[in-house]
Every structure is written in structure tokens, then in C-alpha cells.
Amino acid sequence: MIKRLLIPVFILWEKIYSWIYGIHTVENSPYQLLRVAIHPYKGEPLPLDENNSVQPGEYVAELHISNIAISRGKVGDVKVASDIHLLPLFREEMRNLARLIRQGKLDPRIKALWGITLFGPGVRRMGFSVRPLPPGKNTTRLKNWMTFLRWLFSPPAAKKPSKTSASRQPMEFWISTQQFIEKYKD
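Along each chain, residue indices are assigned from 1 in the same order as the chain's sequence is written. Reporting in this predicted model follows two pLDDT cut-offs: at least 70 for local features of residues, and 80 or more for side-chain atom pairs to be given and counted; totals over whole chains, interfaces and linings ignore these cut-offs and use all residues. Heavy atoms from the whole structure form the basis of all side-chain values; hydrogens and water molecules are not counted.

As a further point, take the overall build of the chain. The way it works is that DSSP assigns letters per residue, a run of H or I at least four long becomes a helix, a run of E at least two long becomes a strand, and they are numbered from the N terminus. Looking only at helices and strands, the chain has seven helices and ten strands in total. In this scheme, a residue with accessible area under 20% of its type's maximum is buried, one over 50% is exposed, and one in between is partly exposed, where area comes from a 1.4 Å probe on protein chains only. Counting only residues that meet the buried cut, the chain has 40% of its 186 residues in that class. Whether two residues touch is decided by their heavy atoms; if any such pair falls within 4.5 Å, the residues are in contact. Pairs at least 24 apart in sequence give 76% of the contacts found in the chain among residues at least 6 apart. Entry remark: accessible area of the chain is about 10900 Å², with carbon and sulfur atoms responsible for 58%. In short, Shrake-Rupley with a 1.4 Å probe defines the accessible areas, and a residue's cover is counted only from the protein chains shown.

As a further point, take the confidence of the model for the chain. For every residue, the pLDDT score states the predictor's confidence, bounded by 0 at the bottom and 100 at the top. For the chain, per-residue confidence averages 85 on the pLDDT scale, and 86% of positions sit at 70 or higher. Per-element averaging of pLDDT across the chain places helix 6 (residues 163-166) at the bottom with 53 and strand 2 (residues 34-40) at the top with 95.

Here we take up the pairing of strand 8 (residues 110-117). Burial analysis of strand 8 places six of its eight residues in the buried class, which makes it a mostly covered element. Pairing geometry for strand 8 and strand 10 (residues 171-176), over six bridges, is antiparallel. The residue of strand 10 that forms the bridge with Leu113 is Ile175. Note on pairing: DSSP must find at least two bridges between two strands before they are called paired.

Right, let's get into the packing of aromatic side chains. To pair, rings of Phe, Tyr and Trp, with the six-membered ring standing in for Trp, must have centres within 6.5 Å; the planes then decide the type, stacked if under 30 degrees apart, edge-to-face if over 60, and tilted in the middle. Here the structure, examined in full by the defined rule, presents ten aromatic pairs. Aromatic pair Tyr17 and Tyr21: ring centres 4.7 Å apart, planes at 45°, arrangement tilted. Of this pair, Tyr17 and Tyr21 both sit in helix 1 (residues 2-21), four residues apart, which is roughly one turn of the helix. Connected via pairs of aromatic rings, a cluster forms that spans Phe10, Trp145, Phe148 and Trp151. Lysine and arginine charges are scored as sitting over a ring when NZ or CZ, respectively, is within 6 Å of the ring centre and within 35 degrees of the ring normal. Lying across the ring of Trp151, Lys3 places its NZ or CZ 5.3 Å from the centre. The side chain of Lys183 reaches across the aromatic face of Tyr184, ending 5.7 Å from its centre.

Looking now at the nonpolar core. Core analysis: the largest hydrophobic core is formed by 31 residues, its most contacted members being Leu33, Leu63, Met94, Leu97, Leu113, Phe128 and Phe180. When residues of this core are traced back to their parent elements, those giving at least two are strand 2, strand 5 (59-65), helix 2 (67-71), helix 3 (87-102), strand 8, strand 10 and helix 7 (177-183). Of the residues forming this core, the biggest block, seven residues, is contributed by helix 3. Setting aside anything within four residues of it in sequence, one finds Leu33 in contact with His64, Ile65, Ser66, Ala69, Ile70, Val75, Leu86, Leu89, Phe90 and Glu93. The definition of a nonpolar core used throughout is a set of buried Ala, Val, Leu, Ile, Met, Phe, Trp, Tyr and Cys residues joined through side-chain atoms within 4.5 Å.

One open sheet accounts for six strands, arranged 1-2-5-8-10-9; its pairing is mixed. The outermost strands of the open sheet, each flanked by one partner alone, are strand 1 (24-25) and strand 9 (129-132).

Turning to helix 1, a few remarks are in order. Here a helix's expected span is defined as the number of its residues, less one, multiplied by 1.5 Å. Spanning 20 residues, helix 1 covers 28 Å between terminal C-alpha atoms, matching the ideal 28 Å at 1.5 Å per step. Among the residues of helix 1, those classed as buried are Phe10, Glu14 and Ser18. Contacts made by the buried residues of helix 1 are with strand 2, helix 2 and helix 5 (137-153). Remark: Gly22 follows helix 1 within two positions and exhibits a positive phi of approximately 65°.

Across the interface, helix 1 lies against helix 5 with an axial gap of 10 Å and an inter-helix angle of 120°. When the axes of helix 1 and helix 5 are compared, the pair comes out oblique. In this structure, helix 1 meets helix 5 at a crossing whose hand is left-handed. Mapping the contact onto sequence places Ile2, Lys3, Leu6, Ile7, Phe10, Ile11, Trp13 and Glu14 in helix 1 and Trp145, Phe148, Leu149, Trp151, Leu152 and Phe153 in helix 5. Here the contact of helix 1 with helix 5 is built from residues that sort into twelve nonpolar, no polar and two charged. Here, axes are lines fitted to C-alpha atoms. For helices the fit covers the stretch in contact, and angles between N-to-C directions go from 0 to 180 degrees. Roughly parallel here means an angle under 35 degrees, roughly antiparallel means over 145, roughly perpendicular means 65 to 115, and every remaining angle is called oblique. Handedness of a crossing follows from how the near helix is turned relative to the far one, being left-handed for an anticlockwise turn of less than a right angle and right-handed for a clockwise one. Note on residue categories: nonpolar means Ala, Val, Leu, Ile, Met, Phe, Trp, Tyr, Cys or Pro, charged means Asp, Glu, Lys or Arg, and polar means any other residue, Gly included.

Just to be clear on terms, a salt bridge is a Lys or Arg side-chain nitrogen sitting within 4 Å of an Asp or Glu carboxyl oxygen. Per the counting criterion, the structure on display carries six salt bridges. Put simply, Arg109 and Asp107 hold a salt bridge, and the shortest N to O gap is 2.6 Å. Its relative accessible area of 47% is what places Arg109 among the partly exposed residues. The exposure class of Asp107 is partly exposed, given its relative accessible area of 21%.

Right under this line is the structure:
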């Protein structure tokens, strides 16, 4: 009951937040799951490979999941009952994003794709490097916020998160644009 009251408020909040921070659905997104914001990176240097890293001020494509798409409970032909059901859908989303990068349809200054997630194991399976965020108040607040959003937008048929899943910590993930387009060739 409380979720039904809160969801419209947070959908409006998500739309306002997206407008403020320039987050938009990726062009030709097959499932409307993947969203992106392009901006200068503000964190610690990210190691991309042996000789290359993203430095603060260099451009990244920050990846976001559409909570609104997931909350419907069905994405395309897939009924979303657990996080693992989303993995093949995200692989398709990644292939689409790589195609856009190859075609020059995203800002050419983008050096890497970057984001923060509670789903480190899944993101690692998709080829991204991951590392835990440093412990502290900001990381704790971020974990609480992401856990709340996950609860709020989980589809009605979704299984209750396991203890392992519930104890996940926020992870930073990244991959260089070159590695990304190589991994997600058509």
C-alpha cells in the first residue's frame, strides 16, 4: 500500500533529477533500461589499463538504470522476478550503446563508461572493472538510498532480496570506451 503512494512521487522526482543532471534514455534503447549522463569525471583517478586512466575533469558517460522501466515488472517479453533476469537485457542494451559510440553518436570526448551500483557481480560479468567505494557516511547514505529505490521500484512479482544481495555495498564500475566497443562488437 505504501509503495503505491510513494511510487508516483518518486517517479516525478526521478524525472526532475534526470532533467537537472542531463540523464536521458540511450538512443535506440531496446528495453528503455539504460540511461546515460555525459559529464566531466569528479572522482579519484580510474585505472583503465596499464598505461591509461581517467583523471578528474576528463569526460565519462555515467550509466544509470531506469527504475521506472523495472517497476513495471515486465521488460520486453521478460518477467522480472529477480536481478538475474535483467542480465541478458542489459547485454543487449550494452551492444546498442557500443554501436552508438562506434557510430560517433555520443560525445567523442568520452574516455570511459562509469557508474555506481549495488550489483557488482553482475556488472563484473558484463566486462566492467569494479571496486568498493571507500567506507564512510557518504557510502552509507548511498547504500541506504539505493536499497530504498530497489525496494520501492521492485516489481510486484520480484523475489525478496537474499541476505547476500541485501548486504551488498555500493561499488564503482568502469570500462574504457575502447575496451567497451571491443567487448560489445556486433
